[in-house]
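Chain residues, written in single-letter form:
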Protein chains: 2
Amino acid sequence: MPAEFEEHKKTWMIWPERPDVWRDNAIHAQHAYVTVAEIIAEFEPVTMCASKTQWEKARAMLPRYIRVVEMSSNDAWMRDQGPTFVVNKQGEVCGVDWKFNAWGGIYSPWDQDELIAWKVLEIEGVNRYGGPMVLEGGSIEVDGEGTLITTEECLLNSNRNPDLTKQNIERNLSEHLGVEKIIWLPRGVYNDTSGHIDNLCRFVQPGVLVLTWTDDKSDPQYEISNEAYNQLIREKDAKGRPFVLVKIPQPEPLFITKEEVAGLTITKNTAPRIAGDRLPASYVNFFIVDNGVLVPTFDDPQDPIALQTLQKLLPHRRVVQVYSREILLGGGNIHCITLQQPFGK
Amino acid sequence: MPAEFEEHKKTWMIWPERPDVWRDNAIHAQHAYVTVAEIIAEFEPVTMCASKTQWEKARAMLPRYIRVVEMSSNDAWMRDQGPTFVVNKQGEVCGVDWKFNAWGGIYSPWDQDELIAWKVLEIEGVNRYGGPMVLEGGSIEVDGEGTLITTEECLLNSNRNPDLTKQNIERNLSEHLGVEKIIWLPRGVYNDTSGHIDNLCRFVQPGVLVLTWTDDKSDPQYEISNEAYNQLIREKDAKGRPFVLVKIPQPEPLFITKEEVAGLTITKNTAPRIAGDRLPASYVNFFIVDNGVLVPTFDDPQDPIALQTLQKLLPHRRVVQVYSREILLGGGNIHCITLQQPFGK
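Calculation criteria
- Residues numbered from 1 in each chain as written.
- Chains lettered and ligands numbered in written order.
- Predicted model: local features only at pLDDT ≥ 70, side-chain atom pairs only at ≥ 80, totals over all residues.
- Helix = DSSP H or I, 4+ residues; strand = E, 2+ residues; numbered from the N terminus.
- Rg over C-alpha atoms; globule rule 2.2 N^0.38 Å.
- Contact = placed C-beta atoms within 7 Å.
- Pairing = 2+ DSSP bridges.
- Axes fitted to C-alpha atoms, helices over the stretch in contact; angles between N-to-C directions.
- Nonpolar A, V, L, I, M, F, W, Y, C, P; charged D, E, K, R; others polar.
- Expected span 1.5 Å × (residues − 1).
- Buried ≥ 20, exposed ≤ 12 C-beta atoms within 10 Å, placed from the backbone.
- Arc of directions from axis to C-beta.
- Least-squares fit on C-alpha atoms with pLDDT ≥ 70 in both.
- Right-handed = clockwise from strand over helix to strand, strands pointing away.
- Core = buried A, V, L, I, M, F, W, Y, C linked by C-beta atoms within 7 Å.

(A) Inspection of the overall build of chain A at higher detail. Within chain A one finds eleven helices and 18 strands. For a compact globule of 345 residues, the expected C-alpha radius of gyration is about 20 Å, and chain A comes in at 19 Å, within 12% of that figure. When the backbone C-alpha atoms are referred to their principal axes, chain A occupies close to 50 × 50 × 45 Å. The long-range fraction of contacts in chain A, counting pairs at least 24 apart against all pairs at least 6 apart in sequence, stands at 72%.

Laid out in structure tokens, this is it:
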């Protein structure tokens with residue numbers, strides 16, 4: 001599995017529409033997705049997947065140079081619903097189509113989400129391998145040189161693969177992704193229901209990790225970031241290297257407002273949003289594209305620090321900030337809604 | 001606009017499903033489409049477009065080497081609903097996305113059919129040009145060297161482009177397809193509601209046309225074939241060449257049976273099929289692929305004559321017969337359900 005900072009053929013996204021996740025019938029989220037797609041398209045091609053009922057709207061709202069294909073979905077987090085692209089020993093790009101159960105079954109239905117990875121691979125003519133367990137792409141982070149980082153909170157959660165042991169899961173990851181060293185952190189970002197690694201800790205190059213951080217001991221995130229730091233500082237990667245760890249301070253805690261909740265429809269099957277709920281805001285959910293990096297910002301005093309830190313770590317890429325509150329309200333951020341397709345060799 | 005007998009990149013088809021056109025919930029038509037797709041795939045790649053509700057079924061019924069992409073539709077005649085592929089002066093393939101009104105508005109609704117040409121071009125990343133009038137691909141036949149043949153019954157029908165004169169239509173065809181000589185035959189095959197040229201008369205190479213034929217003066221088709229023959233024998237193509245005309249005898253008249261009609265649902269908006277209605281059966285609705293030809297057959301004594309005639313005319317291609325009654329019951333045949341995408345230069 002290539003790292004995100006290796007060359008991309010294109011980026012995939014899914015058009016948001018469900019009104020119990022995206023307020024005001026998803027119109028604000030749609031504008032935010034358009035912005036993200038336009039920025040990525042400055043660096044590499046983008047394909048947006050939109051359902052039958054949304055295709056014309058998506059086509060009209062997006063610039064012509066962004067490809068819009070019809071694809072049904074239950075929600076709009078391509079990182080988690082899409083295939084995991086890998087490259088085989090012949091240098092051919094292939095796709096792993098994992099089982100999908102809507103983040104542990106908390107967003108019903110997911111019948112269409114289950115088909116997205118396969119449909120993406122069909123459109124591209126890329127060989128498909130069925131993944132033998134439930135996995136979301138946002139729950140794994142790789143350096144492209146044999147190291148994978150994940151969280152126990154997600155992969156060992158009884159709502160994902162209750163019949164598999166940690167060893168079973170490690171074998172599946174090794175066999176399908178070609179990784180040799182798997183590092184298990186205990187937990188993801190505070191109040192991130194998925195517990196995904198991609199909001200907590202990410203590679204910017206082999207051996208160099210960024211970690212979301214707070215010095216406020218009263219914040220539940222303090223303990224989470226500290227336990228991750230203290231573990232990683234003692235770890236080595238697949239090549240035997242210790243990690244360079246770079247802390248990126250989180251923004252001030254953000255909460256969903258009463259007005260924002262009022263724009264959501266309520267359905268039988270969705271975990272309800274409650275006004276005052278803390279949002280899992282983190283700069284670490286950035287997305288690295290060819291020659292660029294998209295970084296979520298929150299209109300927060302820490303925004304420039306995050307941007308400067310990432311620019312220093314990725315000096316040959318143009319850092320672009322994206323004010324992403326409307327994406328965050330859905331539960332994730334820029335990295336969660338995007339998926340890179342690598343080039344083969 | 002390249003001729004069909006020039007090299008193809010792939011063939012497009014749409015999965016049949018509407019139960020007021022395809023009997024027994026389309027299951028027999030689906031098997032027939034699978035057969036056609038499998039045969040074409042012996043010669044060139046095939047992409048099948050299937051709706052959200054049918055995608056899994058189509059994926060399961062088709063072999064893995066046939067690409068299945070999600071696409072909504074109102075019916076399954078890619079020739080008519082798809083784009084007209086053309087090649088510009090730089091050698092790039094482009095697509096004309098004509099207006100579409102379901103064969104003169106006789107099959108409502110057609111909101112999804114109107115989007116198919118655009119969606120095909122999006123998937124392929126092929127530049128799209130809007131066609132400024134209603135046109136179905138099956139209503140035009142070209143030799144790839146500047147000649148186009150069509151019928152007045154279709155293109156001058158008041159249910160297609162009532163506001164355009166014959167001269168307006170000729171200009172649109174010339175400008176968008178790069179044709180210099182347009183030949184208007186009066187009528188299509190008897191009881192073919194669309195009046196399309198592609199069931200009556202087709203090119204097998206520049207200068208050589210095949211024409212469906214009967215010597216039975218009591219058959220209404222007799223007059224139609226004769227008037228076409230008598231006109232074409234006096235015509236010249238865009239290069240000034242007279243035509244070689246090859247007659248292919250039609251099969252014995254075929255009729256839809258009571259049992260077949262009983263398998264159709266009835267809807268408010270569909271022209272009803274009536275037991276005993278004559279079917280527009282013709283061998284001329286063949287489809288030329290790279291190194292092959294698919295020819296509809298009807299379990300009729302004329303079948304071998306049609307096959308031998310086409311094998312003689314296309315000696316370097318393998319002629320494959322396809323028993324196609326289940327497609328014919330929908331109103332068309334192999335050529336109507338397929339669309340070739342040419343290579344650029």
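From this point, things continue past the structure.
(B) Here's a closer look at the sheet that holds strand β7 (residues 140–142) of chain B. All names here are of chain B. Taken in spatial order, the three strands of this open sheet run β7-β8-β9, and their pairing is mixed. The open sheet has two edge strands, β7 and β9 (181–185), and neither has a second partner. Going from strand to strand, the sheet's axes swing by 25° on average, the running direction of each strand aside. Pairing analysis gives five bridges linking strand β8 (residues 147–151) to β9, with the strands arranged parallel. Of the residues in β9, the one forming a bridge with Thr147 is Lys181.

(C) Fine view of unusual backbone geometry. With an omega dihedral of -10°, the bond running from Ser108(A) to Pro109(A) counts as a cis peptide bond. The backbone phi angle of Asn191(B) is positive, close to 65°, even though this residue is not glycine. Tracing the sequence through the fold places Asn191(B) in the loop between β9 and β10 (201–205).

(D) Examining the interface of chain B and chain A more closely. Each partner contributes residues to the interface: chain B has 14 residues there, and chain A has 14 residues. At the level of elements, α2 (55–61), β3 (67–70) and α5 (113–124) of chain B are the ones that each hand at least two residues to the side of chain B that touches chain A. When grouped by side-chain class, the residues that make up the side of chain B that touches chain A number six nonpolar, two polar and six charged.

(E) Structural context of helix α8 (residues 220–232) of chain B. All names here are of chain B. Taking 1.5 Å as the rise per residue, α8 with 13 residues should run 18 Å; its terminal C-alpha atoms sit 19 Å apart, in good agreement. Within α8 the residues assigned to the buried category are Gln221, Ile224, Ser225 and Ala228. Projected down its long axis, α8 shows its buried positions confined to an angular sector of 90°, all on one face. At its buried positions, α8 is contacted by β9, β10 and β11 (208–213).

(F) View of the relation of the copies chain B and chain A. Once turned by 180° and shifted 0.0 Å along the axis, chain B lies on chain A with an RMSD of 0.0 Å. In symmetry terms, the pair is related by a two-fold rotation axis. In terms of proximity to the rotation axis, the leading residue of chain B is Glu70(B), whose C-alpha is 3.1 Å off the axis. When the interface residues of chain B are mapped onto chain A, 100% of them again fall at the interface, so both copies present the same face.

(G) Up close: the pairing of strand β3 (residues 67–70) of chain A. All names here are of chain A. The two faces of β3 match: Arg67 and Val69 on one face and Val68 and Glu70 on the other face are all buried. Here strand β2 (residues 46–50) runs beside β3; their pairing, made up of four bridges, is parallel. Bridge pairing links Met48 to Val68 in β3. Chirality of the crossover, the property in question, places the unit of β2, helix α2 (residues 55–61) and β3 among those that are right-handed.

(H) Spotlight on the nonpolar core. By size, the foremost hydrophobic cluster in this structure holds 166 residues, and its most contacted members are Met48(A), Phe286(A), Ile337(A), Met48(B), Phe286(B) and Ile337(B). Beyond its immediate stretch of four places on either side in the chain, Met48(A) contacts Met13(A), Trp15(A), Ala37(A), Ala58(A), Leu62(A), Ile66(A), Arg67(A) and Val68(A).

(I) Representation of the environment of Ile183(A). All names here are of chain A. Tracing the backbone shows Ile183 in strand β9 (residues 181–185). Looking at Ile183, the number of C-beta atoms within 10 Å reads 21, which means it is buried. Along the primary structure Ile183 and Glu152 are separated by 31 residues, whereas in three dimensions their C-alpha atoms are 9.7 Å apart. Once you skip the residues sitting within four places of it in the chain, Ile183 turns out to touch Ile149 and Glu235.

(J) Layout of the sheet that holds β9(A). Residue and element names in this part refer to chain A. Strands sit in the order β7-β8-β9 across an open sheet of three strands; the sheet is mixed. Edge positions in the sheet fall to β7 (141–142) and β9, since each has one partner strand and no second. With two bridges connecting them, β7 and strand β8 (residues 147–151) associate as antiparallel partners. Residue Val142 lies in a different strand from β8, and its bridge partner there is Leu148.

Read these as spatial facts, not as claims about activity.
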